[in-house]
Each structure stands twice: as structure tokens, then as C-alpha cells.
Amino acid sequence: MSQGSKIVIKDFNFYYESVQVLRNITIDFQPNQIFTIFGPARSGKTTVLKSLNRLTDLFFGSSHTGTIFLDGMDIYDPKVNLTHLRRRVGMVFDLPTPLPMSIFDNVAYGPRLNKLIQRRRLSETVEKALKSAVLWEEVKDRLNTSALRLSGGQQQRLCIARILALEPEVLLLDEPCSGLDPISTASIEETLTKLKENYTIVLIPHNIQQASRMADRAGFFLNGELVEEGPAYQVFTRPKDKRTEDYVTGKFG
Amino acid sequence: MILILFQILKEGLPVLQLHFFLDSPKNMGRDGGIFSTIIGTAALTAVAIIVGAPLGVGTAIFLREYTRESKTSRMIRFGTDCLAGVPSIIFGLFGFVFFVIRLNMGWSILSGGLTLAAMILPTVISTAEESINAVPYSYREVNYSLGGTKWQMVTRVVLPSALPGIFTGILLSIGRSIGETAAIILTAGSSLVMPTSLFSPIRTMSVHFYILAREGISMKMAYGTGAALILLVLIINILAQGLINRYIRHRT
């Protein structure tokens, strides 16, 4: 375990029923970096992400061996408070998932759940989160309109703001730009680069170009195995493993 | 349908004057109005909905969110489906034996209301279950990913989203409660006296209509009651539809 890692995944195996989807994963995620997990479909990327805040618990019949540490704390310890864990490790999904309520209520949803914030401070928190997600300027005059009326890119940034309102420590993003046009994608990438200063970010990019643009470190997944992991420039330009090279150069994928 | 409406309204509308609604029935309903039966209908329906709706919606939530598909949940669902097919007179008989006699509630608003509640339960459960089922899975995932508990998910996301559907089910139930006769005669009686408490017997508009026509007391008054009944149901439906539409527009 290297010094200063935010998250350490150690000898992690994951099964749905009897199907093994993750094999012996060991990775460290460093703070203030973007780690991209890339690889072909069905290689276990999303499962890694969902394991990090235990959203995998929702799947009936799943099991795991090995464990994951967040700041040295075993997140699979039975004593762990799930609410607390998920507040610290926020997740954004591949499709924008605004709740059917106003923009304000969407962002305020998390803080309100935990009743940690007084009513007076709530609007400050919402404003701050929307500003961090670079959405404030576009929506500040219509916070009470339904979030469903925003464009796809705005909705996705709203989802990021919704997570940020909880002031998490780690951000998990599962192909956050998959349904978006290039302009929205650019604005989300810009947002993420800014957020890196304060958060640990784990990103599943929706294509290899985005992976190489965004990543500080990268890990290549194939069939539930971590094939190769290292600094982004090295993984993308001088991969050590033949399979990584084939994927990065587009021989399969 | 137009034919039915036309016939009832043609015969009934001339009777519909303000005093018809506001006067109590006199002379077994031959003269006077239908005020006490309107109150009876409202009270009975209110009891049925107040008891039946929370119970039904609660069951639906339990089935959808708190149990996995299992023997128990299948049994509960099979039971409610069976209930839906039971003729109302059987409910009436059950209510008579159980509430009126066994629990000694007598012919009363309470007995009738509880019987109706049992009768509308299947409708409320199945419509609520369906609309809860239609709430996207992603909403639930979002709730969990923000650190919400299951209960918070149900109260803050699932129920608000499913509300229009649930409301429709309740509306159907109101219609059924208003229109019911057989079960009500057996459990709430057919008294024309103004009710004073939950334990008073009452006569609803439908029962009044039935008795007036059946016993040949006054066809004119019977048609009047029928027309009033139709208008009442129509007004309730229009108002409710308006409310639902406003709610949906507000959320999207």
C-alpha cells in the first residue's frame, strides 16, 4: 500500500450469482488525480466503480472476496455506515438521471436526506454546488423549474452538482458523457479538470480519446482482470502489455 | 352510454332544484329532497377511502419495495386478485356477519365503510403496485448513491412519482363506493334519518335510488337521485383529473 492513497482495492473478486466479473483486482487511487478505468464492454469497469461505494449491495445474489479501503478504513466492515460511505464516495451514472423535481430540489436532495444543513444554509450549498459543476450561470434564474427540462449536458452537470452538494471526497463517474454532444462533453471535461483540485476522481471514459485527454493514471480492464495500470502517458503511448497495446491502437474493442 | 345518460337526465333533471339537494327526504322519499343521503354517501365513501387507501398503498409498497418476488408476495397478490373477483354481495354478507353482528357495530357508517374498504382494496393495491413499478430504477439508484435509505427513497422519490397512478386507483374506488348498493344495505342499513355519528345507520344515494325504484315509491324522485348521482361522479372525476394534470405539469 503506497503512502497517501485515498482508496486501496486489495485482492478483490466479485461475483454475480456464480459468474465471476472481477478477478483479483488490486489498485490504488491517489487523491487529486483522475484515474481512468478503460476497456471493452463487459470487462467489469462499472462493477469496480459501484463496489467503491457499495452500490453493488443492491444486486441480489452478489458476493465478493478481498476488500477495499477508504483512507485505511475497510468499507466492507459490517460496522460501516452505508449512508456515511455513500456521502463520502459520490457516483454519477452513465445516463443523466435528474429526479422529477425542480433544479433546486435535485441539488438539495442529498443534503436534505441527512438533515445536516439548516434551511438558511441550504441555498448557499446549492449555489456552491451548481457553481462547482459550472452550471450556475445557466440555471440561476430558473432554479424552480423542473430539472427534466434541461438539456442532456445540463442534466449531467446537474447530477454532478447533486453529488457535490454532499461535499464528498471521491467522485465516481461512469461514462458521464456517453449520451452527450461534443460541446457538452467539453464542458463536463472542463468541470472535471477543475474538480480534480479538491477530489479524488475515478472516471470510466466513454472512449479512448477521452481517457487519454483526462487521465493522470489509467488502468486497462479486460474480462474482469486489471491487465495494466500506470501513469496515463505510459499506458496510452508505451503500454507494457500486448493486449493493452492492441486495444489502445484499436486492433480490437 | 349516451342512451342511458339521456334517459336518466331527461327524467331526472327537472327534479334537480336547490331544495332537492338541501331538504331531507319526507314521506319515505316521496317528497322532500335527498340531503341526508348525500351526507350518508359522503361519510361512507370517506370512511372507505380513509381506511382502504393507506392500507392498499401500504401493501403495494410492501410488495414492490420491501419483498423480493417470493412465495409470500405471490400469495398476497393472488389473494388480492381473488378479492377483486368476489361479488359485492359476498362482501356485504361478510360485513354483515363480521362487523355488524360479530363486532357489534350494528348497521352503521363504520360497518359499511369498513366493508367498502375491503372491497376497494384490490383496486387500490393493483393500481398502486403498477404505478410504483413504473418508477424508473435509476431514481432508486440515485437515492442510494446520495446516501438515502429505503424509507427516504419511498417517501421522497417513489411515492411522489407514483402519485398520479395511485390517485387514479383511489378515484376508481370512490366511484365504486358511491355506486355500491347491495353490500351497503346489508352493512349500513337504509335509514333516512340524518346520521349523527360513525355508528349511525345511513342510506346512500344509490341505495335511495334502488329503494325508490324497487318499491315503486316515486319514479320521479328516483330519476332525480340518479341524475344527481351521475352529476356527482362526473364532477368528482373532472376535479380529480384537473388536480392530477396540474400535479404532473408541476413536476415535468
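Residues numbered from 1 in each chain as written. Chains lettered and ligands numbered in written order. Predicted model: local features only at pLDDT ≥ 70, side-chain atom pairs only at ≥ 80, totals over all residues.

Asks: Looking at this structure, I do not really get the overall build of chain B. What am I missing?
Replies: Counting its secondary structure elements, chain B contains 11 helices and two strands. Ordered by position from the N terminus, the helices and strands of chain B form the series α-α-β-β-α-α-α-α-α-α-α-α-α. Taken across its 252 residues, chain B has 40% of its residues classed as buried. Long-range pairs, those at least 24 residues apart, make up 75% of the contacts in chain B with a sequence separation of at least 6. (Helix = DSSP H or I, 4+ residues; strand = E, 2+ residues; numbered from the N terminus. Buried ≥ 20, exposed ≤ 12 C-beta atoms within 10 Å, placed from the backbone. Contact = placed C-beta atoms within 7 Å.)

Asks: I would appreciate a short explanation of the overall build of chain A in the present structure.
Replies: The secondary structure content of chain A amounts to 10 helices and 10 strands. A globule of 253 residues ought to have a C-alpha radius of gyration of about 18 Å, and chain A, at 18 Å, matches this closely. The dimensions of chain A, computed from C-alpha atoms along their principal axes, are 55 × 45 × 35 Å. Looking at chain A residue by residue over its 253 residues, the buried ones come to 45%. Residue pairs at least 24 apart in sequence account for 70% of intrachain contacts in chain A once pairs closer than 6 positions are excluded. (Rg over C-alpha atoms; globule rule 2.2 N^0.38 Å.)

Asks: Which parts of the structure should I look at to understand the packing of helix 3 (residues 103-114) of chain A against helix 6 (residues 152-164) of chain A?
Replies: The relative placement of two packed helices comes down to the angle between their axes together with the axis-to-axis distance. Residue and element names in this part refer to chain A. Remark: helix 3 packs on helix 6, axes separated minimally by 7 Å, with the N-to-C direction vectors making an angle of 35 degrees. Seen from above, helix 3 lies across helix 6 with right-handed handedness. Across from Ile-103, Asn-106, Val-107, Tyr-109 and Gly-110 in helix 3, the residues of helix 6 making contact are Leu-158, Ala-161 and Arg-162. For the contact of helix 3 with helix 6, the per-class residue count stands at five nonpolar, two polar and one charged. (Axes fitted to C-alpha atoms, helices over the stretch in contact; angles between N-to-C directions. Left-handed = near helix turned anticlockwise from the far one by under 90°. Nonpolar A, V, L, I, M, F, W, Y, C, P; charged D, E, K, R; others polar.)

Asks: Please explain the interface of chain A and chain B as it appears in this structure.
Replies: The interface is formed by 22 residues belonging to chain A together with 16 residues belonging to chain B. Those elements that provide at least two residues to the side of chain A that touches chain B are helix 2 (82-88), strand 6 (89-92) and helix 3 of chain A. For the side of chain A that touches chain B, the per-class residue count stands at 12 nonpolar, seven polar and three charged.

Asks: Just checking my understanding: could you explain the pairing of strand 9 (residues 217-222) of chain A for this structure?
Replies: The two faces of a sheet get side chains in turn, since along a regular strand they alternate between them. Residues and elements named next belong to chain A. Across the six residues that make up strand 9, a large majority, five, are buried. Bridge count for strand 3 (residues 34-38) against strand 9 is four bridges, and the pairing is parallel. What sits directly across from Ile-37, in strand 9, is Gly-219. Here six bridges tie strand 9 to strand 10 (residues 225-231), and the two strands are oriented antiparallel to one another. The residue of strand 10 that forms the bridge with Arg-217 is Pro-231. Linking strand 9 back to strand 10 in an antiparallel pair, the connection comprises two residues, with Asn-223 at a positive phi of about 50 degrees. (Pairing = 2+ DSSP bridges.)

Asks: I'm lost on the nonpolar core in this one. Help?
Replies: In globular proteins that are soluble, nonpolar side chains generally tend to be buried together. In this structure, Ala-161, Leu-172, Ile-201 and Val-202 of chain A together with Leu-44 of chain B are the most contacted members of the largest nonpolar core, which totals 125 residues. Element by element, the count of residues in this core is highest for helix 6 (residues 109-133) of chain B, at 13 residues. In this view, Val-202 of chain A contacts Phe-29, Phe-35, Ile-37, Leu-49, Leu-52, Val-170 and Leu-172 of chain A; residues no more than four positions away in its chain are not counted. (Core = buried A, V, L, I, M, F, W, Y, C linked by C-beta atoms within 7 Å.)

Asks: Would you take a moment to explain the pairing of strand 8 (residues 200-204) of chain A for this structure?
Replies: Residue and element names in this part refer to chain A. Extensive coverage of strand 8 is indicated by the burial of five of its five residues. The side-chain alternation of strand 8 yields two buried faces, one formed by Thr-200, Val-202 and Ile-204 and the other by Ile-201 and Leu-203. Two elements, strand 7 (residues 170-174) and strand 8, share five bridges in a ladder whose sense is parallel. Within strand 8, the position partnered with Val-170 by the bridge is Thr-200. Considered for its hand, the β-α-β crossover made up of strand 7, helix 7 (residues 182-195) and strand 8 is right-handed. (Right-handed = clockwise from strand over helix to strand, strands pointing away.)

Asks: What exactly am I supposed to notice about unusual backbone geometry here?
Replies: Note: most peptide bonds trans; most residues except glycine with negative phi. One non-glycine residue with positive phi stands out, namely Asn-24 of chain A, at about 50 degrees. Locating Asn-24 of chain A in the fold gives a position in strand 2 (residues 19-29). The phi dihedral of Asn-104 of chain B is positive, around 55 degrees, even though this residue is not glycine. Mapped onto the elements, Asn-104 of chain B comes out in the loop between helix 5 (88-102) and helix 6. Residue Asn-104 of chain B is classed as exposed on the basis of its C-beta count, with 8 C-beta atoms lying within 10 Å.

Asks: What should I look at first to understand the environment of Ile-89 of chain B in this one?
Replies: Residues and elements named next belong to chain B. Relative to the assigned elements, Ile-89 resides in helix 5. Given 13 C-beta atoms within 10 Å, Ile-89 falls into the partly exposed group. Beyond its immediate chain neighbours, meaning those up to four positions away, Ile-89 contacts Ala-182 and Ala-183.

Asks: What is the right way to look at the packing of helix 3 of chain A against helix 4 (residues 119-132) of chain A in this model?
Replies: All names here are of chain A. It is the contact of helix 3 with helix 4, at a shortest axis distance of 9 Å, that shows an interaxial angle of 110 degrees. Viewed along their axes, helix 3 and helix 4 adopt a mutual orientation that is roughly perpendicular. Residues Phe-104, Val-107, Ala-108 and Pro-111 of helix 3 form the contact with helix 4, whose own contacting residues are Leu-122, Thr-125, Val-126, Ala-129 and Leu-130. Along the lines of polarity and charge, the residues of the contact of helix 3 with helix 4 split into eight nonpolar, one polar and no charged. (Parallel < 35°, antiparallel > 145°, perpendicular 65-115°, else oblique.)

Asks: Looking at this model, I keep getting lost on helix 4 (residues 71-85) of chain B. Mind explaining?
Replies: Because an α-helix packs 3.6 residues into every turn, residues spaced three or four apart end up facing the same way. Helix length check: helix 4 of chain B (15 residues) gives 21 Å between terminal C-alpha atoms against 21 Å at 1.5 Å per residue, within 8%. Counted residue by residue, helix 4 of chain B has one buried out of 15 residues, so it is predominantly exposed. (Expected span 1.5 Å × (residues − 1).)

Asks: What is the right way to look at the confidence of the model for chain B in this model?
Replies: Any residue range with low pLDDT should be treated as having predicted coordinates unsuitable for detailed reading. On average, chain B scores 88 in pLDDT, and the residues at 70 or more come to 100%. Across the interface, the model reports ipTM at 0.84; the global pTM reads 0.83. (pLDDT = per-residue confidence, 0-100.)

Asks: I'm lost on the environment of Met-75 of chain B in this one. Help?
Replies: Checked against the element boundaries, Met-75 of chain B lands in helix 4. The spatial distance from the C-alpha of Met-75 of chain B to the C-alpha of His-208 of chain B is 39 Å, given a sequence separation of 133 residues.

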